[in-house]
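# Reading the structure
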Amino acid sequence: MKSEYDRLITLDFLDSCPENIREFYKYWDSKRKGRSMPSRSDLEPVEMKSFLASMILVDVKRKPLDFIYRLVGTKEVEARGFDPTGKPVAEGSFGITVEDVLTNYRIVSEKKCPVYDREGVPSDIPHLWQGDVILLPLSDDDEIVNMVVTFTDFIHL
């Protein structure tokens, strides 16, 4: 059994991550424009066509802290076998454990930093594996994270 969950909260992952995750991070980074994080309105779906199927947008609710799926890409839906849009992450997560997934979202929302998750999870779809995932903060005021955007590198075996 592993002693530590395989996640990074520094940019060290950029040296070894899959190219599509690096490109997703670069897109997010380009939208910051001097801020610590972009807002949802800074992201342009037409510019993100190659990412959309493997993307998720999650609303961050406060008091109490909760995470709700707002938009779930088609590849994410396929890997789960259902569409969790509108549900709490605790009910629709796809990871080693629900607590590991929620911890990723908590870190992003509290530390306002990227989380790079290298745990990987097999899906119920034959020959499909959830590889690495990046979670990135979004904020309307550059102070409070009100959304998290994720991108998954799915692997077809």
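Owing to the predicted nature of the structure, the values given are computational and were not obtained by experimental measurement. Residue positions are given per chain, counted from 1 along the sequence in the order it is written. Two thresholds apply to this predicted model, a pLDDT of at least 70 for residue-level local features and 80 or more for giving and counting side-chain atom pairs, whereas whole-chain, interface and lining totals are computed over all residues. By convention in this description, side-chain values take in all heavy atoms of the structure and omit both hydrogens and water.

## Brief notes about the overall build of the chain
Note the following rule: Helix and strand definitions follow DSSP, with helices as H or I runs of at least four residues and strands as E runs of at least two, each counted in order from the N terminus. For every residue, the accessible area obtained with a 1.4 Å probe (protein chains only) is divided by the maximum for its type, and the residue is called buried under 20%, exposed over 50%, and partly exposed between those limits. Using the Shrake-Rupley algorithm and a 1.4 Å probe, accessible areas are obtained, with residue cover drawn only from the displayed protein chains.
Within the chain, the secondary structure is distributed over four helices and seven strands. Along its sequence from the N terminus, the chain presents helices and strands in the succession β-α-β-β-α-α-α-β-β-β-β. Put simply, the chain has 157 residues, and 47% of those count as buried. Summing over all exposed atoms, the chain offers an accessible surface of approximately 8000 Å²; the carbon and sulfur share of this is 53%.

## Focus on the packing of aromatic side chains
We count it as follows: Pairing of aromatic rings covers Phe, Tyr and the six-membered ring of Trp, with a centre-to-centre limit of 6.5 Å; geometry is then stacked below 30 degrees between planes, edge-to-face above 60, and tilted otherwise.
The full count for this structure, using the stated rule, is seven aromatic pairs. Note on Phe24 and Phe51: the rings are 5.1 Å apart at their centroids and 80° apart in plane angle, and the pair reads as edge-to-face. On the criterion of sequence distance, the pair formed by Phe24 in helix α1 (residues 19-30) and Phe51 in the loop between α1 and β2 (55-61) is long-range, its members being 27 residues apart. Each of the two residues, Phe24 as well as Phe51, counts as buried. Taken together, a centroid distance of 5.3 Å and an interplanar angle of 85° make the contact between Phe51 and Phe151 edge-to-face. Taken together, the residues span a long stretch of sequence, with Phe51 in the loop between α1 and β2 and Phe151 in strand β7 (residues 147-156) at a distance of 100 residues. Per residue, the accessibility class of Phe51 equals that of Phe151, and both read buried.

## Brief notes about the side chain of Thr152
Which entries qualify depends on this criterion: In protein, a polar contact means a hydrogen-donor-capable atom and an acceptor-capable atom, both N or O and within 3.5 Å, with residues adjacent in sequence counting only if both atoms are side-chain atoms; elsewhere, any N or O pair within 3.5 Å suffices.
Position of Thr152 among the secondary structure elements: in strand β7. The exposure class of Thr152 is buried, given its relative accessible area of 1%. Among the polar contacts listed, one links the side chain of Thr152 to the side chain of Glu76, at a separation of 2.5 Å.

## With respect to helix α4 (residues 98-111)
Put simply, the rule is: Every helix has an expected span of 1.5 Å times one less than the residues it contains.
Taking 1.5 Å as the rise per residue, α4 with 14 residues should run 20 Å; its terminal C-alpha atoms sit 20 Å apart, in good agreement. Two residues or fewer after α4 comes Lys112, characterised by a positive phi angle close to 60°.

## Overview of the pairing of β2
Stated formally: One bridge is not enough; two strands pair if DSSP finds at least two bridges between them.
For β2, a buried count of six out of seven residues is recorded, marking the element as mostly surrounded by other parts of the structure. Pairing of β2 with strand β3 (residues 66-72), which is carried by six bridges, proceeds in the antiparallel orientation. Across the sheet, the residue bridging to Leu57 is Leu71, located in β3. The antiparallel hairpin formed by β2 and β3 contains four residues in its connecting segment, where Lys63 sits at a positive phi of about 55°.

## Comments concerning the confidence of the model for the chain
Using the following cut-off: pLDDT gives the predictor's per-residue confidence on a scale running from 0 to 100.
Across the chain, pLDDT averages 87, with 87% of residues at or above 70. Confidence scores differ between elements of the chain, with strand β5 (residues 121-122) showing the lowest mean pLDDT of 54 and β2 the highest of 97.

## Brief notes about the pattern of salt bridges
Should their charged atoms come close, side chains of opposite charge can pair. Selection criterion: We define a salt bridge as a side-chain nitrogen of Lys or Arg found within 4 Å of a carboxyl oxygen belonging to Asp or Glu.
Evaluated as defined, the whole model comprises seven salt bridges. With a shortest N-O distance of 3.2 Å, Glu19 and Arg22 are connected by a salt bridge. A residue pair is termed a helical-turn pair when its members lie 3 or 4 positions apart in one helix, as Glu19 and Arg22 do in helix α1 at three residues. A salt bridge links Asp59 to Arg70, with the shortest nitrogen-to-oxygen separation between them at 3.0 Å. With a gap of 11 residues between them, Asp59 in strand β2 and Arg70 in strand β3 connect regions that are remote in the sequence. On the basis of relative accessible area, Asp59 is assigned to the buried category, the value being 12%.

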